[in-house]
Amino acid sequence: MYHFSRSIYRELAPEIIEDRAEREGPTNHERVLRSCETCVERLATDWHYFAKPTKTLFNDIRVYFPMSSQLRVYKVVDRYMTFARDYFAANPATEQLECRATTRRGTPCQRTPLPHNGYCPSHQHLAETEGVPIAA
Ligand SMILES: [Zn+2]
């Protein structure tokens, strides 16, 4: 799925403002790439609940581009986010397809899980107990 984020990055990279003024931490190029990856990853695993991917990614990365590039950046982001969303909606990540629970018969539950915790609606109680620390 990372070919989406790399494609976005590759199209935008020439316009990224890079100031290498003795600053610690990642470069602007790295920040842009990371934002693209985070957004694509979220689309891949959670597209259902990710309402405005274009706006989210654009807001994350727009500060790394000059004023004159903003419209182009928005268009590139929108083109890829729309494409990626359609792609992931049609091809859900395979590990998301089955509930993480085991049924009483000892076979894996095959119902469709909810993306936020990987359990189907009838196994939601298992996700709740997961967060509870084991008493000493
Ligand atoms: Zn289940």
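Above this text sits the structure in question.
Because the structure is predicted, anything quoted here is derived from the model rather than measured. (Residues numbered from 1 in each chain as written. Predicted model: local features only at pLDDT ≥ 70, side-chain atom pairs only at ≥ 80, totals over all residues. Heavy atoms only, no water.)

Undergrad: So, the overall build of the protein: which residues are in play, and what are the values?
TA: When helices and strands are tallied, the protein shows 5 helices and 0 strands. Starting at the N terminus, the α and β elements of the protein follow one another as α-α-α-α-α. A burial count over the protein gives 35% of its 136 residues as buried. When the accessible surface of the protein is summed, it comes to about 9000 Å², and 54% of that surface belongs to carbon and sulfur atoms. (Helix = DSSP H or I, 4+ residues; strand = E, 2+ residues; numbered from the N terminus. Buried < 20%, exposed > 50% of the residue type's maximum accessible area, 1.4 Å probe, protein only. Areas by Shrake-Rupley, 256 points an atom, 1.4 Å probe, with all protein chains shown as cover.)

Undergrad: Break down the packing of aromatic side chains for me, with residues and values.
TA: Taken as a whole and judged by the stated rule, the model has 5 aromatic pairs. The interplanar angle of 65° and the centroid separation of 5.7 Å between the aromatic rings of Phe4 and Phe83 together place this pair among those described as edge-to-face. Residue Phe4 is located in helix 1 (residues 2-12), and its partner Phe83 is located in helix 4 (residues 70-90); the two are separated by 79 residues in the primary sequence. Overall, the relative accessible area of 52% leaves Phe83 in the exposed class. Ring plane angle 80° and centroid distance 5.3 Å describe the contact between Tyr87 and Phe88, whose orientation is recorded as edge-to-face. Owing to a relative accessible area of 35%, Tyr87 belongs among the partly exposed residues under this scheme. The lysine or arginine in question, Arg42, covers the ring of Phe50, its NZ or CZ lying 3.7 Å from the ring centre. (Phe/Tyr/Trp six-rings, centres within 6.5 Å; stacked < 30°, edge-to-face > 60°. Lys NZ or Arg CZ within 6 Å of the ring centre and 35° of its normal.)

Undergrad: Kindly report on the coordination of the zinc ion, identifying the contributing residues and their values.
TA: Under ideal tetrahedral coordination, the four donors around a metal are separated by 109.5 degrees; under ideal octahedral coordination, the six donors are separated by 90 or 180 degrees. Ligation of the zinc ion by protein atoms is provided by Cys99 (SG), Cys109 (SG), Cys120 (SG) and His123 (ND1), these donors lying 1.9 to 2.4 Å from the ion. If you look at the zinc ion, its 4 donor atoms make angles of 104 to 114° with each other, and the shape they trace is tetrahedral. Along the chain, the residues donating to the zinc ion are arranged with the sequence spacing C-x9-C-x10-C-x2-H. With Cys109 in the loop between helix 4 and helix 5 (124-130) and His123 in the loop between helix 4 and helix 5, this residue pair connects regions lying 14 residues apart in the sequence. The exposure classification of Cys109 matches that of His123, with both residues buried. (Donors = N, O, S within 2.8 Å, 3.2 Å for Na, K, Ca; no water. Tetrahedral: all angles 85-135°; square planar, octahedral: opposite > 155°, others 65-115°.)

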